[in-house]
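As a plain string of letters, each chain reads:
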Amino acid sequence: MAAVLIQDLTKEYGTGLVAVKALDNINLAVEKGEFTVLAGPSGSGKTTLLNMIGSLDTPTSGQVLVHEIDIAKIDNRRQADFRRERLGFIFQSYNLIPVLTVFENVEFPLTLLKRFSKDERDEKVHRILAEVGLESLAHRRPGELSGGQQQRVAIARALVKEPAVVLADEPTANLDSVNGEAILDLMKELNQRKKITFIFSSHDRMVIERARRVVRLKDGRIEGDEKRAG
Ligand SMILES: Nc1ncnc2c1ncn2[C@@H]1O[C@H](COP(=O)(O)OP(=O)(O)OP(=O)(O)O)[C@@H](O)[C@H]1O
Ligand SMILES: [Mg+2]
């Protein structure tokens, strides 16, 4: 079973003369545990494709199955549940909640899931903060952290509920090369250890070189798909 299966996916924005085909008949299968980068120039459709996989936006035609579920076909409430349970998002600009501490930011998605006791939440948050090397900063607020540290918090927040698939849109774009590399190594290590599927976008050559699979987009189409060892 593929973690993500995309079939004949097209996304158009606007209509008539101003229509833009952001995605043009995409077919792609991503297996469980893959570490895949969507590469391609600005405007090639990377963010649009991630948004479709994450059901943050709806396709014009075609379908996206995540763990065999077609999220566009289920009702809105179950869609939100599915996103909460199964997907982790990491954004270029971190998107942390400024008034919450590091600990509370990472705890937040577990609170939304409602099925964990306070003790269970504490245990999970402490464990993931240790894994991303942030235990000693648990009581700080995002404004008191460096960019690389904020992105580690965002990774911890995405992973704390052990999602099936983590989607990351240019996760290193706001970081310098040293921090960008450290974040990528961390994502790769968590991918290998937890067997969580990662799909992320990047323009960055350093990032693209370290991915195990590179799907190249251009003008909304897949123009290359390369798998590597290791
Ligand atoms: N909400 C929208 N309304 C209209 N057009 C859009 C919208 N979102 C994206 N587009 C268009 O769709 C195309 C793909 O955009 P997308 O953001 O997916 O590219 P990208 O590969 O992520 O680029 P970047 O590397 O700059 O982030 C572009 O031509 C863009 O202008
Ligand atoms: Mg983008």
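Details of the structure are given in the entry above.
Residues numbered from 1 in each chain as written. Chains lettered and ligands numbered in written order. Predicted model: local features only at pLDDT ≥ 70, side-chain atom pairs only at ≥ 80, totals over all residues.

1. So, the packing of helix α3 (residues 102–113) against helix α4 (residues 118–131)
Put simply, the test is: Helix axes are fitted only over the stretch in contact, all axes being lines through C-alpha atoms; the angle between N-to-C directions runs from 0 to 180 degrees. Under the scheme used here, helices are H or I runs from DSSP no shorter than 4 residues and strands are E runs no shorter than 2 residues, and both carry numbers assigned from the N terminus. Any angle that is under 35 degrees is reported as roughly parallel, and any over 145 degrees as roughly antiparallel; angles of 65 to 115 degrees are reported as roughly perpendicular and all others as oblique. Handedness of a crossing is defined here by the sense of rotation of the near helix relative to the far one, left-handed for an anticlockwise turn of less than a right angle and right-handed for a clockwise turn. Contact between two residues is assigned when their C-beta atoms, built from the backbone, lie within 7 Å. Gly counts as polar in this scheme, as do all residues outside two lists: the nonpolar Ala, Val, Leu, Ile, Met, Phe, Trp, Tyr, Cys and Pro, and the charged Asp, Glu, Lys and Arg.
Direction vectors running N to C along α3 and α4 enclose 130 degrees, while the axes themselves pass 10 Å from each other. Classified by the angle between their axes, α3 and α4 sit oblique to one another. You can see that α3 and α4 cross each other, and the crossing is right-handed. Residues F103, V106, E107, L110 and T111 of α3 form the contact with α4, whose own contacting residues are R121, K124, V125, I128 and L129. Within the contact of α3 with α4, the residues separate by chemical class into 6 nonpolar, 1 polar and 3 charged.

2. Describing the sheet that holds strand β10 (residues 221–227)
Test applied: Here a strand pair is declared whenever DSSP counts at least two bridges between the two strands.
What the 6 strands build is an open sheet, ordered β6-β7-β8-β3-β9-β10; its pairing is mixed. Two strands in the sheet have a free side with no partner beyond their single neighbour: β6 (87–90) and β10. Strand-to-strand twist across the sheet, computed as the mean angle between neighbouring axes with direction ignored, equals 15 degrees. Judged from the 4 bridges that link them, strand β3 (residues 35–39) and strand β9 (residues 213–218) form a sheet pairing that is parallel. Bridge assignment links V37 to a residue of β9, and that residue is V214.

3. Topic: the site of ligand 1
What counts here: As used in this record, a residue near a molecule or strand is one whose C-beta atom, placed from the backbone, is within 6 Å of it.
For ligand 1, the set of nearby residues contains 13 residues, the closest of which are Y13, A22, S42, T47 and T48. Going through the elements one at a time, β2 (20–31) and α1 (46–53) are the ones with two or more residues in the shell around ligand 1. A per-element tally of the shell around ligand 1 places α1 first, with 3 residues. Here the residues of the shell around ligand 1 sort into 3 nonpolar, 9 polar and 1 charged.

4. Overview of the packing of helix α5 (residues 147–159) against helix α6 (residues 177–194)
It is at 10 Å that the axes of α5 and α6 come closest, and there the two elements cross at 15 degrees. In terms of axis orientation, α5 runs roughly parallel to α6. Considering the relative orientation of α5 and α6, their crossing is right-handed. On α6, the residues touching G147, G148, Q151, R152, I155 and L159 of α5 are N179, A182, I183, L186, M187 and L190.

5. Here's the deal with the nonpolar core
Threshold: For our purposes the nonpolar core covers buried Ala, Val, Leu, Ile, Met, Phe, Trp, Tyr and Cys residues that link as a set through C-beta atoms within 7 Å. Our exposure labels follow a C-beta count within 10 Å of each residue's own C-beta, placed from the backbone: buried means 20 or more other C-beta atoms, exposed means 12 or fewer, and partly exposed covers the counts in between.
One finds I53, V106, A156, L159, V166, L167 and I199 to be the most contacted residues of the largest nonpolar core, which totals 58 residues. It is α5 that provides the largest number of residues to this core, a total of 6 residues. Look past the residues within four positions of A156 in its chain and what remains in contact with it is V106, I128, L129, V132 and L134.

6. Regarding unusual backbone geometry
Located in the positive-phi region is N95, a residue other than glycine, with phi close to 55 degrees. Within the element layout of this structure, N95 appears in the loop between β6 and α3. Notably, E170 is not glycine yet its phi reads approximately 50 degrees, a positive angle. Looking at the secondary structure, you find E170 in the loop between β7 (165–169) and α6. We classify E170 as buried; it has 20 C-beta atoms within 10 Å.

7. As for the environment of L49
Here L49 is to be found in helix α1. The sequence separation of L49 and L38 amounts to 11 residues, and the corresponding C-alpha distance is 8.8 Å.

8. Comments concerning the pairing of β3
Taken across its 5 residues, β3 has 5 buried, putting it largely inside the fold. Covered by surrounding structure in β3 are F35, V37 and A39 together with T36 and L38, the residues of both alternating faces.

9. Brief notes about the sheet that holds strand β5 (residues 69–70)
Spatially, β2-β1-β4-β5 is the arrangement adopted by the 4 strands of the open sheet, whose pairing is antiparallel. Two strands in the sheet have a free side with no partner beyond their single neighbour: β2 and β5.

Scope: geometric values only; no functional claims are made or implied.
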